[in-house]
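Okay, here's what each chain looks like letter by letter:
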Amino acid sequence: MKNTPISIIGAGLGGLMLARVLHVHGIAATVYEGEASAAARTQGGLLDIHDFNGQLALKDAGLVEEFTALIQHGGQATRVLDREANVLFEQHDDGTGGRPEVQRGDLRRILLESLPESTVQWGRKLTQVTPLGSGQHQLHFADGSTVICGLLVGADGAWSRVRPLLSDAKPVYTGTALIEAWLHDADQRHPASAAAAGGGSMFALAPGQGILSHREPNGVVHAYIALSRSEEWLTKIDFNDAPAAKARIAAEFENWSPALTALITDSDTAPVLRLIHALPNEHRWPRIPGVTLVGDAAHLMAPSGDGANLAMYDGAELAKAIAAHPGNLDAALAAYESELFPRSAKAAAEADDVNQVLYGNHSPHSLVKMFTP
Ligand SMILES: Cc1cc2nc3c(=O)[nH]c(=O)nc-3n(C[C@H](O)[C@H](O)[C@H](O)COP(=O)(O)OP(=O)(O)OC[C@H]3O[C@@H](n4cnc5c(N)ncnc54)[C@H](O)[C@@H]3O)c2cc1C
């Protein structure tokens, strides 16, 4: 097994965790990443890392100490507001919530730093894969180079180039979009909005829409504006014209508290549209020699705070299965996938339920009910 070249496509949290846990078991792998460097794109945003999946993977990776040093204390505080910014539910962070918040970029950095230097090949965008038989694949990259590998793992996210080798499934728009915005130095410059956002996560909700935020370090409030609108309606907004886009989105929140709508209108950055796509909840594939998927490539789902956790957990589980089946890659992949499929289907169904709680007809009271023991 140690002589089998393992090629991982994508240096997101799933691909890097796979490479790291393989390394812990003395198995070499190469990660091919399309972006030019680790700094090519801001990895902004806080992720809550769960004690039942993401943290278990970090333990397998031997990175608990490094992870603990990244925790943003107070970040697990949660509040639910109505559209007038009345607080309907509030929970403070006493450090026992089991889902501490860390910056995505920091988490990616500790994984990168834990790998031998040449493990990640930057600027290697996979464009095509040719099956060669007997589980071998030839990888073609945008820079004209090619590689032949004995195990190909697609950790290349929502629009995976590896997935078509295994299944015809394509992500479809869920009907809800998130629009990201950031307020800098919010306590000083936008005190009413900063006060509404609180010290952790804030959910201001109504049926079909919401203004959500995360408190980030250095006085930053990161807002996610949720709108259940058609793709056609959303793509009519010109996001290149930031003031007009902010005004158009804010118009959907007429009669909401100005402290909340200022999270859109006073944003220090141009709003970023993210149309939320998902694969079918039961997405799976027949066992095909020499290739498998981890993370969003395998089970893209509506955001419910679990996607990055699941990607890391998949990566760690696949690495452990490979280590546990020396010389029998097919058995390793079969063991990994037999647990991956039901785990992902369950998480995807739960993500649908969470999104119904957030944006369904009984919002925001449905979320208060979910949070209340
Ligand atoms: C708005 C939003 C908010 C979210 N919030 C949370 C949250 O709070 N908590 C949480 O757990 N999850 C959250 N998620 C989900 C989470 O971001 C994903 O589930 C997670 O990033 C998946 O990790 P991954 O490694 O599978 O894929 P990715 O993080 O997408 O990484 C894929 C990597 O592959 C590379 N790549 C892609 N194509 C190629 C190619 N052809 N060749 C080479 N490289 C390629 C990409 O550049 C990228 O580096 C959120 C998602 C969204 C959209």
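Please read these numbers as outputs of a predicted model, since none were measured by experiment.

Within the protein chain, the secondary structure is distributed over 13 helices and 17 strands. Against the globule reference of 21 Å for 373 residues, the protein chain gives a C-alpha radius of gyration of 21 Å, in line with a compact fold. With the C-alpha coordinates aligned to their principal axes, the bounding extent of the protein chain is approximately 65 × 45 × 35 Å. Counting every position in the protein chain, which comprises 373 residues, the buried fraction comes to 54%. In the protein chain, once contacts between residues fewer than 6 apart in sequence are set aside, the share between residues at least 24 apart is 71%.

Let's shift gears to the sheet that holds strand E10 (residues 146–149). Pairing within the open sheet is antiparallel, and its three strands lie in the order E8-E9-E10. If you trace the sheet from one side to the other, it starts and ends with strand E8 (126–133) and E10, each paired once. In this sheet, neighbouring strand axes are inclined to one another by 20° on average, regardless of whether the strands run parallel or antiparallel. The sheet contact formed by E8 and strand E9 (residues 136–141) spans six bridges and is antiparallel. Bridge pairing links Leu126 to Phe141 in E9.

Let's shift gears to the packing of aromatic side chains. Enumeration over the complete set of coordinates arrives at five aromatic pairs. Their ring planes at 25° and their centres at 5.3 Å tell us that Phe89 and Phe371 sit as a pair that is stacked. Of this pair, Phe89 sits in strand E5 (residues 87–91) while Phe371 is found in helix H13 (residues 365–371), placing the two residues 282 residues apart along the sequence. On the basis of relative accessibility, which here comes to 24%, the residue Phe371 falls in the partly exposed class. Ring plane angle 80° and centroid distance 4.9 Å describe the contact between Phe253 and Trp256, whose orientation is recorded as edge-to-face. Across the pair, exposure class does not vary: Phe253 and Trp256 are buried alike. A network of ring pairs unites the aromatic residues Phe89, Phe203 and Phe371 as a single cluster. Lying across the ring of Phe141, Arg124 places its NZ or CZ 4.7 Å from the centre. The cationic tip of Arg229 hangs over the ring face of Trp233; the distance from NZ or CZ to the ring centre is 5.6 Å.

With that out of the way, let us pick up the site of the ligand. Looking at the ligand, there are 32 residues lining it, with Glu33, Arg104, Leu126, Asp296 and Ala308 nearest. The separation between an oxygen atom of the ligand and a polar main-chain atom of Ala308 is 2.9 Å. Asn309 has a polar side-chain atom sitting 3.3 Å from an oxygen atom of the ligand. Bound to the protein, the ligand loses 82% of the 1,000 Å² it would expose on its own. Among the elements of the structure, helix H1 (13–24), strand E3 (46–48), helix H4 (104–113) and helix H11 (307–324) are those that each provide at least two residues to the shell around the ligand. Ranked by residue count, the leading element in the shell around the ligand is H11, at four residues. For the shell around the ligand, the class distribution of residues is twelve nonpolar, nine polar and eleven charged.

Turning to the pairing of strand E12 (residues 172–183), a few remarks are in order. Here E12 lies mainly inside the structure; nine of its twelve residues are buried. As defined by bridge partners, E12 adjoins strand E16 (residues 272–278) across six bridges and the pair is classed as antiparallel. Looking at E16, one finds that Tyr173 is bridged to His277. Taken together, the seven bridges between E12 and strand E15 (residues 220–227) define a ladder with antiparallel strand orientation. Bridge assignment links Trp182 to a residue of E15, and that residue is His222.

Take the UniProt feature "binding site: FAD" (unreviewed entry) in the protein chain next. Under the local residue numbering, the UniProt record ascribes the feature "binding site: FAD" (unreviewed entry) to Asp48, Arg104 and Asp296. Tracing the backbone through its elements, the reader meets Arg104 in helix H4. The exposure class of Arg104 is partly exposed, given its relative accessible area of 31%. Position of Asp296 among the secondary structure elements: in helix H10 (residues 296–299). On the basis of relative accessible area, Asp296 is assigned to the partly exposed category, the value being 29%. Setting aside residues no more than four positions away along its own chain, Asp296 makes contact with Gly157, Ala158, Arg163 and Leu279.

The rules behind the values
Residues numbered from 1 in each chain as written. Predicted model: local features only at pLDDT ≥ 70, side-chain atom pairs only at ≥ 80, totals over all residues. Heavy atoms only, no water. Helix = DSSP H or I, 4+ residues; strand = E, 2+ residues; numbered from the N terminus. Rg over C-alpha atoms; globule rule 2.2 N^0.38 Å. Buried < 20%, exposed > 50% of the residue type's maximum accessible area, 1.4 Å probe, protein only. Contact = heavy atoms within 4.5 Å. Pairing = 2+ DSSP bridges. Axes fitted to C-alpha atoms, helices over the stretch in contact; angles between N-to-C directions. Phe/Tyr/Trp six-rings, centres within 6.5 Å; stacked < 30°, edge-to-face > 60°. Lys NZ or Arg CZ within 6 Å of the ring centre and 35° of its normal. Near = heavy atom within 4 Å. Polar contact = N/O pair within 3.5 Å; in protein donor to acceptor, adjacent residues only side chain to side chain. Areas by Shrake-Rupley, 256 points an atom, 1.4 Å probe, with all protein chains shown as cover. Nonpolar A, V, L, I, M, F, W, Y, C, P; charged D, E, K, R; others polar. UniProt positions renumbered as here; feature names shortened; annotations may be inferred.

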